[in-house]
Amino acid sequence: MLTSYEKAEVELTKNVYEKMESAELARCIEELEREVEHVKAKELKLDMARGKPSPQQVDISRPMLDILSHDSNLFDEGVDCSNYGCFDGIPSARRLAGEFLGVPPEQTIVLGSSSLNIMQSVLIHYWEKGVPGYTPWYKLPHVKWLCPSPGYDRHFGLTQDLGIENIPVRMTDEGPDMDQVEYLCASDESIKGMFCVPKYSNPTGITYSDETVRRLAVMKAAPDFRIVWDNAYAVHDLFDESDQLLNIHEAAAEVGNEDRILEVASTSKITFPGAGIAFFGSSVANVEEVARTLQVGLISANKLNQLMHARFLPDIDAVHEHMKKHAAFLRPRFEAVERKLTEGLSGLGCARWTHPRGGYFVSFDGPRGSAKRIWKLCQEMGVTLTPAGATWPGGEDPNDTNLRIAPTYPSVGELEAALDVLVLATKLVSAQIAQEERAQA
Ligand SMILES: Cc1ncc(COP(=O)(O)O)c(C=O)c1O
């Protein structure tokens, strides 16, 4: 059975421009080119590339800054947060991390502001020392890593930087293509891991189905295979009814694979990006080993920040309440994307896009060979998008179709104007491609 993503791909194979008579197509291109010149004259300066909250959205968390002052009690359940010690994180923050990640608090570490930094430290550790009991990865002739694509460019950068070969795996609307993942992992021991953004994935916004999570947890793979379970958007719902993600730690533990899962998350897009707290959660053995390793280079994380966060967001219910304020801010932006793309492109067969119920992005696909051209044309009309290709390992989108829309930073008005430009660029490039293909036929 075709997934809805594949069905859309089938629809994309014959678009309205490909069906036009040649003379009509030429007239249509001329008309679209005139529109482009008209937009260029406006000298727009709009940005849909930044996957971060706007200053007004960040302001939602300002009340947290009033929690600590010079005369505050700086103890957390007996731990002095104003001094060294308590490497794993303060008790109340670890409790929050446990609720967040779906593991007991003892199976968490709460650190500084960045989950990306934790991912990098753990990967470098396995690269240099190996997963306990196995050969260090740097000593192996070949190490490969699965990268569901479109995906998060900074993930791909972590493994690329170590000299690991990134292997793209197709994303479906239930998560990574599990037939492909299972086949690759079962047949190639040099595949040592995989990145996953399981909820409101970056950039497709989809949440992995229960079946995908179970298959990832139990599938056959190298014994030192590890899944970086980056739950960056775990609580970033846009609507009251949220997507539900199966607990992968429990599914993995049922078959003794609990060491496979390395979960991370942070409050970067809950409180302050770059000034939040970050979580690591895994098996008892992994947490103990990772803590021992990280402790070599860190005496204590910023526990005052942990204290401030734990008092502001004492439990997961408080987190959800807080996230409702973010959702109220973000929903009109995501609705604007859906409205503008539907008005401008639906029925033309030259574009498809995702309809996320949470997270920070919308994934957009044009016809084969169009993404770089659409990106460039948008740039010429004054709209910056994340560079085409960025959602694939090495910046190489094999079909050159994918663009990532980041609707959070601009105002709704700016976003609408930028989307009109994207729609126009998609139409013109699709029409030009149809004309070029006809000329070559
Ligand atoms: C999937 C994903 N993981 C991690 C990060 C970065 O998180 P942090 O600020 O905790 O390093 C981002 C930021 O955009 C992200 O999209």
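Everything below is about the structure printed above this text.
Here's a quick rundown of the structure. (Residues numbered from 1 in each chain as written. Predicted model: local features only at pLDDT ≥ 70, side-chain atom pairs only at ≥ 80, totals over all residues. Heavy atoms only, no water.)

**With respect to the overall build of the protein**
Thinking step 1. Tallying secondary structure elements over the protein gives 15 helices and 15 strands in all.
Thinking step 2. What you see for the protein is a C-alpha radius of gyration of 23 Å, in line with the 22 Å of a compact globule of 441 residues.
Thinking step 3. Within the protein, the fraction of its 441 residues that count as buried is 56%.
Thinking step 4. When contacts within the protein are restricted to residue pairs at least 6 apart in sequence, those whose partners lie at least 24 apart make up 76%.
Thinking step 5. When the accessible surface of the protein is split by element, carbon and sulfur atoms take 51% of a total near 19100 Å².
Thinking step 6. Of the charged side chains in the protein, 44 are positive and 64 negative, and the gap between their average positions amounts to 3 Å. (Helix = DSSP H or I, 4+ residues; strand = E, 2+ residues; numbered from the N terminus. Rg over C-alpha atoms; globule rule 2.2 N^0.38 Å. Buried < 20%, exposed > 50% of the residue type's maximum accessible area, 1.4 Å probe, protein only. Contact = heavy atoms within 4.5 Å. Areas by Shrake-Rupley, 256 points an atom, 1.4 Å probe, with all protein chains shown as cover. Lys, Arg positive; Asp, Glu negative; His and termini not counted. Charge placed at Lys NZ, Arg CZ, Asp CG, Glu CD.)

**Regarding helix H7 (residues 153-162)**
Thinking step 1. Among the residues making up H7, those that are buried are His155, Phe156, Leu158, Thr159 and Leu162. Summarising the axial view, the buried residues of H7 lie within an arc of 150 degrees, below the 170-degree limit, and thus occupy one face. Facing away from the buried side of H7, by more than 90 degrees, are the exposed residues Arg154 and Asp161.
Thinking step 2. Those residues of H7 that are buried are in contact with helix H6 (115-129), strand S5 (144-149), strand S6 (165-172), strand S8 (191-196) and strand S9 (226-230).
Thinking step 3. Residue Gly163 follows H7 closely and has a positive phi angle near 85 degrees. (Arc of directions from axis to C-beta.)

**Details of the pairing of strand S15 (residues 402-405)**
The two faces of a sheet get side chains in turn, since along a regular strand they alternate between them.
Thinking step 1. Neither face of S15 is open: one carries Asn402 and Arg404, the other Leu403 and Ile405, and all of them are buried.
Thinking step 2. In this sheet, S15 lies alongside strand S13 (residues 362-365) in antiparallel orientation, the contact comprising 4 bridges. Across the sheet, the residue bridging to Val362 is Ile405, located in S15. (Pairing = 2+ DSSP bridges.)

**Observations regarding the nonpolar core**
Thinking step 1. Core analysis: the largest hydrophobic core is formed by 54 residues, its most contacted members being Tyr17, Met48, Leu341, Leu345, Phe364, Ile405 and Leu422.
Thinking step 2. Within the residue set of this core, elements represented by two or more residues are helix H3 (22-41), helix H13 (316-345), S13, helix H14 (371-380), S15 and helix H15 (412-440).
Thinking step 3. The element that contributes the greatest number of residues to this core is H15, accounting for 13 residues.
Thinking step 4. Of the residues that make up this core, three or more belong to each of domain 1 (4-57 + 321-440) and domain 2 (74-314).
Thinking step 5. If near-sequence neighbours (up to four positions away) are discounted, Leu341 is found in contact with Ser346, Trp353, Phe364, Ile405, Leu419, Leu422 and Val423. (Core = buried A, V, L, I, M, F, W, Y, C linked by side-chain atoms within 4.5 Å. Domains from an automatic or database assignment.)

**So, the site of the ligand**
Thinking step 1. Around the ligand, 13 residues are found, and the nearest of them are Asp230, Tyr233, Ser266, Ser268 and Lys269.
Thinking step 2. Within the contact set of the ligand, an oxygen atom lies 3.1 Å away from a backbone nitrogen or oxygen of Leu116.
Thinking step 3. A distance of 2.7 Å separates an oxygen atom of the ligand from a polar atom in the side chain of Ser266.
Thinking step 4. Taking 400 Å² as the accessible area of the ligand by itself, protein coverage stands at 87%.
Thinking step 5. In terms of residue class, the shell around the ligand is made up of 5 nonpolar, 6 polar and 2 charged. (Near = heavy atom within 4 Å. Polar contact = N/O pair within 3.5 Å; in protein donor to acceptor, adjacent residues only side chain to side chain. Nonpolar A, V, L, I, M, F, W, Y, C, P; charged D, E, K, R; others polar.)

**Considering the packing of H13 against H15**
Thinking step 1. The N-to-C vectors of H13 and H15 enclose an angle of 30 degrees; their axes lie 9 Å apart at closest approach. Taken together, H13 and H15 sit at an angle that is classed as roughly parallel. For the pair H13 and H15, the crossing hand works out as right-handed. Touching Pro332, Arg333, Ala336, Val337, Arg339, Lys340, Leu341, Gly344 and Leu345 of H13 are Val412, Leu415, Glu416, Leu419, Asp420, Leu422, Val423, Thr426 and Lys427, all from H15. (Axes fitted to C-alpha atoms, helices over the stretch in contact; angles between N-to-C directions. Parallel < 35°, antiparallel > 145°, perpendicular 65-115°, else oblique. Left-handed = near helix turned anticlockwise from the far one by under 90°.)

**Considerations on the pattern of salt bridges**
Thinking step 1. Enumeration over the complete set of coordinates arrives at 22 salt bridges.
Thinking step 2. As a salt-bridge pair, Arg34 and Glu31 come within 2.9 Å of each other at their nearest N and O atoms. Of the two residues, Arg34 and Glu31 are both situated in helix H3; the distance of 3 residues between them amounts to about one turn of the helix.
Thinking step 3. According to the relative accessible area criterion, Glu31 is partly exposed, its value standing at 39%. (Salt bridge = Lys/Arg side-chain N within 4 Å of Asp/Glu carboxyl O.)

**Comments concerning the sheet that holds strand S11 (residues 278-281)**
Thinking step 1. Taken together, the 8 strands give an open sheet; going across it, the order is S4-S11-S10-S9-S8-S5-S6-S7, and neighbouring strands pair in mixed fashion. Both edges of this open sheet fall to strand S4 (108-111) and strand S7 (175-176), since each of them pairs with a single strand only.
Thinking step 2. Bridge analysis of S5 against S8 gives 3 bridges, and the strand direction is parallel. Note on S8: the bridge partner recorded for Leu146 is Met194.
Thinking step 3. The strands touched by helix H11 (residues 284-294) are S4, S9, strand S10 (261-266) and S11; relative to S4, the strand with the most contacts, the crossing angle is about 30 degrees.

**What to know about the packing of aromatic side chains**
Thinking step 1. The full count for this structure, using the stated rule, is 8 aromatic pairs.
Thinking step 2. Geometrically, the ring pair formed by Tyr233 and Phe361 is edge-to-face, given 6.5 Å between the ring centres and 90 degrees between the ring planes. With Tyr233 in the loop between S9 and helix H10 (248-253) and Phe361 in the loop between strand S12 (352-353) and S13, this residue pair connects regions lying 128 residues apart in the sequence.
Thinking step 3. Above the plane of the ring of Tyr409 lies Arg50, whose end atom (NZ or CZ) is 4.1 Å from the centre.
Thinking step 4. In this structure, Lys269 packs its charged tip against the face of Tyr360, placed 4.6 Å from the ring centre. (Phe/Tyr/Trp six-rings, centres within 6.5 Å; stacked < 30°, edge-to-face > 60°. Lys NZ or Arg CZ within 6 Å of the ring centre and 35° of its normal.)

**Quick word on the pairing of S9**
Thinking step 1. The buried fraction of S9 amounts to 5 of the 5 residues, a majority that puts the element mostly inside the structure.
Thinking step 2. Side chains Arg226, Val228 and Asp230 project from S9 onto one buried face, and the interleaved Ile227 and Trp229 project onto a second face that is buried too.
Thinking step 3. Here 4 bridges tie S8 to S9, and the two strands are oriented parallel to one another. Residue pairing in the sheet places Gly193 in a bridge with Arg226 of S9.
Thinking step 4. Handedness of the S8-helix H9 (residues 210-218)-S9 crossover: right-handed.
Thinking step 5. Of the pairings in the sheet, the one linking S9 to S10 comprises 4 bridges and is parallel in character. (Right-handed = clockwise from strand over helix to strand, strands pointing away.)

**Describing H9**
Thinking step 1. Those residues of H9 that fall on the buried side of the exposure criterion are Thr212, Val213, Leu216 and Ala217. Projected down its long axis, H9 shows its buried positions confined to an angular sector of 130 degrees, all on one face.
Thinking step 2. Packed against the buried residues of H9 are S7, helix H8 (178-187), S8, S9 and H10.

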